[in-house]
Structure formats: C-alpha cells, structure tokens
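So the chains spell out like this:
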Amino acid sequence: MGGDRKSVEHGNSVDTGGGDTLKNSIVDLELRVRGVGGLRVVDASVMPVVPRGNTNAPTIAIAERAADLIAGRAPLAAVDPAHPVDAMVLASQAAGHTSHTSHTSHTGTQTPKP
C-alpha cells in the first residue's frame, strides 16, 4: 500500500481530554492545556473517544462549555424530564410559553429561563 492516504473522517480525539484521571492527557476538565498558562483547546480534538455520529453538535457543546468556563458562569442545573415539575416546565417551554422568572427544579437549584 503505497502513495498518499487521506481520511474522510472528522479529526478528533487527538488531545484526549481527561482531567485528573488521565495524567497523560493534554487538557484538564476545564480544557486548559497542562503546563501552559492561559491556553485552552476548544475543538473536537479534546473528545476522549470518537462519537458514533457527526461531530458538529458535540463540538458546539464543547465550545459552549468553554465559553461558560472562560466567562466564569456556573453550569446549568440538571433537569429530569421524568420528574413531574421539570416535565411541566419543559412542556411549557416547548409550547412557547415563557416566563420572566427562573424555575427552581425539584433538586432545589435555579435554572434560568432562556
């Protein structure tokens, strides 16, 4: 097998982000490059494994998380669609009803309204 080889796949999982559990990973859980101050990697290369589907949505999610980390915003509270209160709020949002107040989920944490 000689000649040039090309990949038709999206490049990812090169930096293998892993936090403290993978000491050989290039980035930590906050996407900071280990040993280099002021540098983060925000792309598909930080995915620890190749997703089975398209990499677009996971890469957008990584970028959104990085933006929150850089801006110092706390992550959103978890929402459980199986819980009646959270399900009612999700259904209301899906129907286009909005409120100017935030929702307190059944776990007691505040979830801002979009």
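See the structure printed just above.
Bear in mind the structure is a predicted one, so any value in this text is a computation, not a measurement.

1. Some remarks on the overall build of the protein
Inference 1: Check the secondary structure of the protein and you find two helices and two strands.
Inference 2: If you list the helices and strands of the protein from N to C, you get α-α-β-β.
Inference 3: Sorting the 114 residues of the protein into buried and exposed places 23% on the buried side.
Inference 4: Looking at the protein alone, contacts between residues at least 24 apart form 33% of all its contacts between residues at least 6 apart.
Inference 5: When the accessible surface of the protein is summed, it comes to about 8300 Å², and 59% of that surface belongs to carbon and sulfur atoms.

2. So, the side chain of S45
Inference 1: Relative to the helices and strands, S45 is located in the segment before α1 (56–71).
Inference 2: Only 2.4 Å separates the side chain of S45 from the side chain of D43, close enough to count as a polar contact.

About the criteria used
Residues numbered from 1 in each chain as written. Predicted model: local features only at pLDDT ≥ 70, side-chain atom pairs only at ≥ 80, totals over all residues. Heavy atoms only, no water. Helix = DSSP H or I, 4+ residues; strand = E, 2+ residues; numbered from the N terminus. Buried < 20%, exposed > 50% of the residue type's maximum accessible area, 1.4 Å probe, protein only. Contact = heavy atoms within 4.5 Å. Areas by Shrake-Rupley, 256 points an atom, 1.4 Å probe, with all protein chains shown as cover. Polar contact = N/O pair within 3.5 Å; in protein donor to acceptor, adjacent residues only side chain to side chain.

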